[in-house]
Every structure is written in C-alpha cells, then in structure tokens.
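# Survey of secondary and tertiary structure
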Amino acid sequence: MKTISLKLFILFSLFFPAFYSPFNEEYKIEYYVLFTAAYGALLLYMVWQLARGQRKRGDRFLMAYMAGIVIYNAVSLYMNVRYLHWYGEQLNNTIAFLFFLFLCGYELGLGEQGDKLVMFFLRCTVLSNILSIVYFFMGYTSYLICNNQFYFNRLAEDFYESRHYWIYSHKSDYALMLVAFMVAAIRFRDKFRSIRTWCFSMFVFLFALFLTHSWTGFGAMALVLTGALMDKIDWKKFRFRRIYFLWTAAALAGGGILLKLLAGERDLLSVGGRLDIWRGAFGEILRNPAGWGFRFTEVLFQATPYWQVNNAHNVFLNAILRFSIPVGICFILLLLMIAGYSIYQSRTFLAAGMWLGFFILLNMDYSLLNYEMGMFLFVIYLVCIYEPEKGGKGVAWNG
C-alpha cells in the first residue's frame, strides 16, 4: 500500500494534476487550490505509515520540525478564523510538510524496493516532459484539471515572449521543478540503464527548460552542475591542472553569454524590476500585516509611481503578503529548517548547489505554490536523505 500510494502521488502530480478550487476564473484557480488528487494519495501514504510503519527514534531535528508544523498550524488557524477565512493553503502546506516528516521519520520511507520507486519516478518525469514538449509544439502553454474541467491554455498571440508552463502555474514554477528533476537524475545517474539513457533524459529536461524561457532556471542549473562537478573531485588528492583553466574559461564564457542574452530582455541593475517590486511589497506588508487572503490577484500595490503589480514575485514575500506576517514567518522558517537539515544530511556540493539554485528561483518569482510543495519536498528527500540500496549516500558524480 505504501508503494502504491506513492506511485499514485507521482502519477497524479506528473500526468493528471486534478484539483479543486472555490473559483473557476483561470487567473485565480491555481492560487486558491483547495485539495488535489496527488495530496489525497499522500494522505493514504501517511495513514499507512501510522498504522504499519516503523518510526525512527531520537532525531532531534524531526521533533523540532514537528513542533514547527504545529506552530504553523496554530498561527494559520488563528489568522484564518480571525481575518483570512482561507484554509486551503494551510491544509495543503501541512500535508506537504508532514509528508517530508513521514519520509524522514520512518524506516523504509519509500517501501521495501525504494530504488525501483526512484526509477519509476525518474521515468515518469522524463515521459511527462516529453509530453510537455509535444504539447508546446501543438501550440499550447499550460494544461490544468480543475473542478472536473480540463483547461488547455494558449499564450496570447501578442505576448511579448514565448514561454511554457506545462502543468504548472507559471514558467518559474516549471523551471524550478525541471531543475529539481535534473538534480534527481544526477543523483541517481548510476541507476539508469546506460549513459545514453541518462543523456537523453537530461536533454529532455534541458530542452523543456529552454521552452520555459526562464533564464533564472538556467542559472540555477549551472549552480547544480557546478556542485556535481565539485563532488567529482577527490579533494584529498587534489592537484591543480592546466585543464582547469580551460574549464573555468568555458564556464565564464557561458556565463557571459547568458548574461548578455538576459541583459537584452531584462534590466539587470534592477534585477528585472524586482528591486522595485520587493520595495513596494514591503510597504504593502506594513500597511496590511494581517495579509490579503482572498484579495490576492485583485489588489494592486505600487512598485514605482507609474507601475502597479499584484504580487511580490517572491515566494517568501508572497507568503507574508497573502497570509500575514506571523504565518509567512512560520512558513519561511519551516523551509529553512528543511534546507539546513537536507544539506547537513547530504554533505555534498550537489545539495548545496541545488539549494542555492532553488533559493534564487524562489526569490525571483512566485515559483512554488502549495499544491507543488509535495513534489518539491519529495525530490529534496530523494537527493539529500534517501539511501540507495546500492552505492553510497550523497556521493555525486563519482565512479
């Protein structure tokens, strides 16, 4: 039952992203997800773990993390009852946070054949993104299933750039998940049947990332690859070689090309206008410390005297802007706890590069919604904490 529920979670998340929302307007439904089919599968998984799983003992982090989840729910419940009256965010985030707790806090978190489940997940990610690429060339941008209705969305013909969302709410969400999938493929590259299969999988992810038109995503992926390459070096026997000059020059040249392309589309000095947006968001948070609640996407605040926006373009600021200062702080602290714990457990440059890339994406746009949190934390568990049946834990790109 444990394996079945996790496979259902993977399948729902990657192929059949069905959810319910109190709204039917396309610009609102993804920001007010009430419940998802994927999270229903996670509830089955957690019930099974409670009934049959063997719990680990003595992990102080997990006890502190559980306390953090309790505090997050207490504060969220108070703010919802008093001001916001929107419980979907609290419900979905709690399911995702508890899912990570159950993965880490129980023996055999993935079941008796964890490696097979990992490869099932990786094959599904590749197939899902092959379908995504086909979907893009059919002329569509995003695919949603909400309130038993299918949405096949196209980008406006006069839109200023080409971009692709697939089953996610925005190009930044899709880029974040693609980076996560690539990290998992790097972490478990020795589980692929051949180097050709692995290279093909990485090509699919990179091509899909190109279609998103997220330059930040490519920057995050560069950090991941840097971490993976640094893990390949045997630092105890390290000797500087001339070839490293070539690698460094190639990396700098690639970074320069990326920055030049980015500068052609964005104002780099203002971080693509983000500095103005964040400054305006801080002002709005101080004016409305209890959060916007259901007014999100409807209320505008000033980024500049001539420019108004409806969100902070930052996951952490939006958590505060939408759900109040205390709820947002609890949410941020929980994510920071997960980041610190996963990096400590992995102790690899790959994990450090992954989180650095993630934080850039999370700070540059609203790139992680509550119904995507479960898959995000699942990948973090696989990359940083799960111990493969064969091979060492957390060793990137060796062998």
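See the structure shown above.
What counts and how
- Residues numbered from 1 in each chain as written.
- Predicted model: local features only at pLDDT ≥ 70, side-chain atom pairs only at ≥ 80, totals over all residues.
- Heavy atoms only, no water.
- Pairing = 2+ DSSP bridges.
- Helix = DSSP H or I, 4+ residues; strand = E, 2+ residues; numbered from the N terminus.
- Buried < 20%, exposed > 50% of the residue type's maximum accessible area, 1.4 Å probe, protein only.
- Salt bridge = Lys/Arg side-chain N within 4 Å of Asp/Glu carboxyl O.
- Core = buried A, V, L, I, M, F, W, Y, C linked by side-chain atoms within 4.5 Å.
- Contact = heavy atoms within 4.5 Å.

## What about the pairing of strand β5 (residues 301–304)?
In the sheet, β5 pairs with strand β6 (residues 307–309) via 3 bridges, with the strands oriented antiparallel. Bridge pairing in β6 links Gln 302 to Gln 308.

## Some points on unusual backbone geometry
Non-glycine residue Thr 297 carries a positive phi angle of around 80°. Along the chain, Thr 297 falls in the loop between α11 (274–287) and β5. Classification of Thr 297 as buried rests on a relative accessible area of 13%.

## Focus: the pattern of salt bridges
What the rule picks out here adds up to 5 salt bridges. Between Lys 28 and Glu 298 there is a salt bridge; the shortest N-O distance is 2.4 Å. Of this pair, Lys 28 sits in helix α2 (residues 26–29) while Glu 298 is found in the loop between α11 and β5, placing the two residues 270 residues apart along the sequence. Between Asp 276 and Arg 279 there is a salt bridge whose closest N-O contact spans 2.9 Å. Here Arg 279 and Asp 276 lie together in helix α11, a separation of 3 residues that amounts to about one turn. Assessed through its relative accessible area of 54%, Arg 279 is described here as exposed.

## A closer look at the nonpolar core
Counting 134 residues, the largest nonpolar core has Phe 100, Leu 110, Phe 121, Phe 181, Phe 376 and Phe 378 as its most contacted members. Broken down by element, the residue count for this core peaks at 13 residues, all from helix α7 (residues 171–187). Setting aside chain neighbours within four positions, we find Phe 121 in contact with Ile 10, Leu 14, Phe 181, Ala 184, Met 375, Phe 378, Val 379 and Leu 382.

## Considering the pairing of strand β4 (residues 149–153)
Bridge count for strand β3 (residues 142–146) against β4 is 5 bridges, and the pairing is antiparallel. By the bridge assignment for β4, Leu 144 is matched with Tyr 151. The antiparallel pairing of β3 with β4 creates a hairpin that spans 2 residues between the two strands, and Asn 147 there sits at a positive phi of about 50°.

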